[in-house]
Amino acid sequence: MGDNPEQQYIPESYYDVPIRALQPSTRHQLGLHLNLVNDISYNDWRIVAERIGMQLLEIQGLEQNSTNPTSAVLLRATQKNITVGAFLKILLEKERYDIFEDIGKKIEEDVKAYRPIQLAEASSSSEAPLTLGELKTGKKEYFDAFTSYHTNDWEFLQELIERLEKERGFKLCIPDRDLCAGLIENDATAKLIKSRCKRVIIVLSASYIGATDLEAKLRWQLQVAQSLAPVADTMHKLVPVVIDAVIKIPEDVPEILLPYNVCDYARPTVREWFWERMELSLAAPTTDRSGYKGPRQERLGKRESENSEQRTRSRTDPITITASNGDRSRYQRSESDIVRSQSTFYRETPSLSTRTPKKKHWWSRKD
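Now for a description of the structure that goes with this document.

Rules and cut-offs
- Residues numbered from 1 in each chain as written.
- Predicted model: local features only at pLDDT ≥ 70, side-chain atom pairs only at ≥ 80, totals over all residues.
- Heavy atoms only, no water.
- Helix = DSSP H or I, 4+ residues; strand = E, 2+ residues; numbered from the N terminus.
- Polar contact = N/O pair within 3.5 Å; in protein donor to acceptor, adjacent residues only side chain to side chain.
- Salt bridge = Lys/Arg side-chain N within 4 Å of Asp/Glu carboxyl O.
- Buried < 20%, exposed > 50% of the residue type's maximum accessible area, 1.4 Å probe, protein only.
- Phe/Tyr/Trp six-rings, centres within 6.5 Å; stacked < 30°, edge-to-face > 60°.
- Lys NZ or Arg CZ within 6 Å of the ring centre and 35° of its normal.
- Axes fitted to C-alpha atoms, helices over the stretch in contact; angles between N-to-C directions.
- Parallel < 35°, antiparallel > 145°, perpendicular 65-115°, else oblique.
- Left-handed = near helix turned anticlockwise from the far one by under 90°.
- Contact = heavy atoms within 4.5 Å.

Describing unusual backbone geometry
- The linkage connecting Ile 249 with the following residue, Pro 250, adopts the cis geometry, with an omega of 5 degrees.
- Along the chain, the position of Pro 250 falls in the loop between β4 (238-242) and β5 (263-264).
- Backbone geometry at Asn 81 places phi at a positive 60 degrees, although glycine is not the residue there.
- Mapped onto the elements, Asn 81 comes out in the loop between α5 (69-79) and α6 (84-93).
- One non-glycine residue, Glu 95, adopts positive backbone phi at about 60 degrees.

Laid out in structure tokens, this is it:
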């Protein structure tokens, strides 16, 4: 295999490319190779999980419950910003030359396709506007939720806008409506989901699940969202919504979404709770370190703060007294004024022993 296999199989540039550059088809092929457990050589997905820092309990959980553990390992590698070069080096050390021979060309194509995105990010000193709202205001635009949907589901999307935006005050990111034209769509989507949107609504329909023309785009959105919301995170970044009755839960739900509780719009028996459930789920606090609450909660918080300020001012505002002659005099009654007035009252009021006895009435006389 040569004196230095690393130079032969892993170009130096691979160490600068994050593993999120690998496309879903490449990840699938990696799974076909790495999901096959080899207890003798220990050169399967488990060694990769161990090398990228996954805990023993996580590895054991995937071993027992997951049918595609490699997919989960790649997602965790994405979260940890592992590079393609570092990932391949682990495989090379375990002499997995079969992977380089079978998938090496595909990995090279993914890296080349990702390079323009990486160069564009590095060359831009100031971030280009992502949404039309940013172009109008000149300020970054934030959303309560990003929506991932198939274009055939526009009718439900209109109802989503009506019920959540217009009636309940949420701000949704609808790519076909809000994104600037001419952007690199995958790059813009990743930035919006990562730092501009509090949640991600996944609209699961028959068109979405069976998509072939839009499969790459929808899988990218789903993959980015899931990589930012591991199962153990209480932030619950993902909000899956089933809108077609033909979709069976959990049989037809994408495997990547199985750990998450699904909102079922298609079932008439739970339809009456659907919109309230969506409202409370989107408004729930997150565990994000930045403490981002979303546009709706920020507006409500600002309003509550203003009301609290007003209540505080009203406690210290002067009391208005109307005199008998119709004039108004304003004065501040402090606690000492009240105490002084009470002590004056008791001091000037005669005691019971010095009061003049009341005249007895005829009904109380005793002859």
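Here's the deal with the side chain of Arg 46
- In this structure, Arg 46 sits in helix α3 (residues 45-51).
- Within the structure, the side chain of Arg 46 is placed 3.4 Å from the backbone oxygen of Asn 38, a separation counted as a polar contact.

Topic: the pattern of salt bridges
- One pass over the full model with this rule turns up 17 salt bridges.
- A salt bridge links Arg 46 to Asp 39, with the nearest nitrogen and oxygen atoms 3.0 Å apart.
- Residue classification places Asp 39 among the exposed positions, given a relative accessible area of 63%.
- Between Asp 98 and Arg 96 there is a salt bridge, with the nearest N and O atoms lying 3.0 Å from each other.
- Each of Asp 39, Asp 44, Arg 46 and Glu 63 takes part in a single network of salt bridges with overlapping partners.

A short note on the packing of aromatic side chains
- Counted according to the given criterion, the structure contains 8 aromatic pairs.
- An angle of 55 degrees between the planes, with centres 6.2 Å apart, marks the rings of Tyr 149 and Trp 154 as tilted.
- Sitting over the ring of Tyr 265, Arg 271 keeps its end group 4.0 Å from the ring centre.

Thoughts on the pairing of β4
- Where burial is concerned, most of β4 is hidden: 5 out of the 5 residues are buried.
- The side-chain alternation of β4 yields two buried faces, one formed by Leu 238, Pro 240 and Val 242 and the other by Val 239 and Val 241.

What about the packing of helix α9 (residues 154-166) against helix α14 (residues 271-283)?
- For the pair α9 and α14, the least separation of the axes is 11 Å and the interaxial angle reads 65 degrees. By the angle class used here, α9 and α14 are roughly perpendicular. Like other packed secondary-structure pairs, α9 and α14 cross with a definite hand, here right-handed. Judged by residue contacts, Phe 156, Glu 159, Leu 160, Arg 163 and Leu 164 of α9 engage Phe 274, Trp 275, Met 278 and Leu 282 from α14.

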